[in-house]
Amino acid sequence: SATSKILVLISATYLAYRDTTGTVVQCKAQILRGATSIYENIIANQIEGASASTMYIGGTSGYTYLDSPATTSSTTYKLQAARTLGVGIFYQQGGTNTSTITLLEIGA
């Protein structure tokens with residue numbers, strides 16, 4: 001139904017890092033429906049060090065969002081991430097590093 005809501009549940013494993021040129025790694029994430037950003041987390045995670053040595057941080061981030069797509073058409077959801085400070089961030093797949101997106105339709 002076009003009045004149904006979609007509960008978006010995401011569990012994503014990640015690894016963020018910085019090299020010796022800075023003291024902070026900061027990253028953000030967003031959930032997209034098609035090409036439209038529907039949720040943005042400005043600082044998904046941050047690490048800070050007192051010295052300029054290589055640092056890594058990893059773990060699992062969880063996101064929950066209740067969407068109202070107002071359509072009966074097929075819809076694609078995805079997670080994108082980017083670093084805002086530091087060198088890089090990787091969302092990982094494979095082996096024991098798996099990420100999931102679960103979508104639940106909630107009837108109106």
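Our subject in this report is the structure included herewith. (Residues numbered from 1 in each chain as written. Predicted model: local features only at pLDDT ≥ 70, side-chain atom pairs only at ≥ 80, totals over all residues. Heavy atoms only, no water.)

**A word on the overall build of the protein chain**
Moving on, step 1. Looking only at helices and strands, the protein chain features 0 helices and 7 strands.
Moving on, step 2. Within the protein chain, the proportion of its 108 residues that are buried is 29%.
Moving on, step 3. Put simply, of all contacts in the protein chain between residues at least 6 apart along the chain, 76% involve residues at least 24 apart.
Moving on, step 4. For the protein chain, the accessible surface area stands at approximately 6,200 Å², while carbon and sulfur atoms represent 51% of it. (Helix = DSSP H or I, 4+ residues; strand = E, 2+ residues; numbered from the N terminus. Buried < 20%, exposed > 50% of the residue type's maximum accessible area, 1.4 Å probe, protein only. Contact = heavy atoms within 4.5 Å. Areas by Shrake-Rupley, 256 points an atom, 1.4 Å probe, with all protein chains shown as cover.)

**Topic: the side chain of serine 4**
Moving on, step 1. Within the secondary structure layout, serine 4 lies in the segment before strand S1 (5–18).
Moving on, step 2. A distance of 3.0 Å separates polar atoms of two side chains, one belonging to serine 4 and the other to glutamate 105.
Moving on, step 3. Apart from residues lying up to four places away in sequence, serine 4 is in contact with Pro69, Glu105, Ile106, Gly107 and Ala108. (Polar contact = N/O pair within 3.5 Å; in protein donor to acceptor, adjacent residues only side chain to side chain.)

**Things to note about the pattern of salt bridges**
Moving on, step 1. Taken as a whole and judged by the stated rule, the model has 1 salt bridge.
Moving on, step 2. Its salt-bridge partner being arginine 33, residue aspartate 67 comes within 2.7 Å of it at the nearest N-O pair. Of this pair, aspartate 67 sits in strand S4 (residues 55–67) while arginine 33 sits in strand S2 (residues 24–33), and the two are 34 residues apart along the sequence.
Moving on, step 3. Given a relative accessible area of 22%, arginine 33 falls into the partly exposed group. (Salt bridge = Lys/Arg side-chain N within 4 Å of Asp/Glu carboxyl O.)

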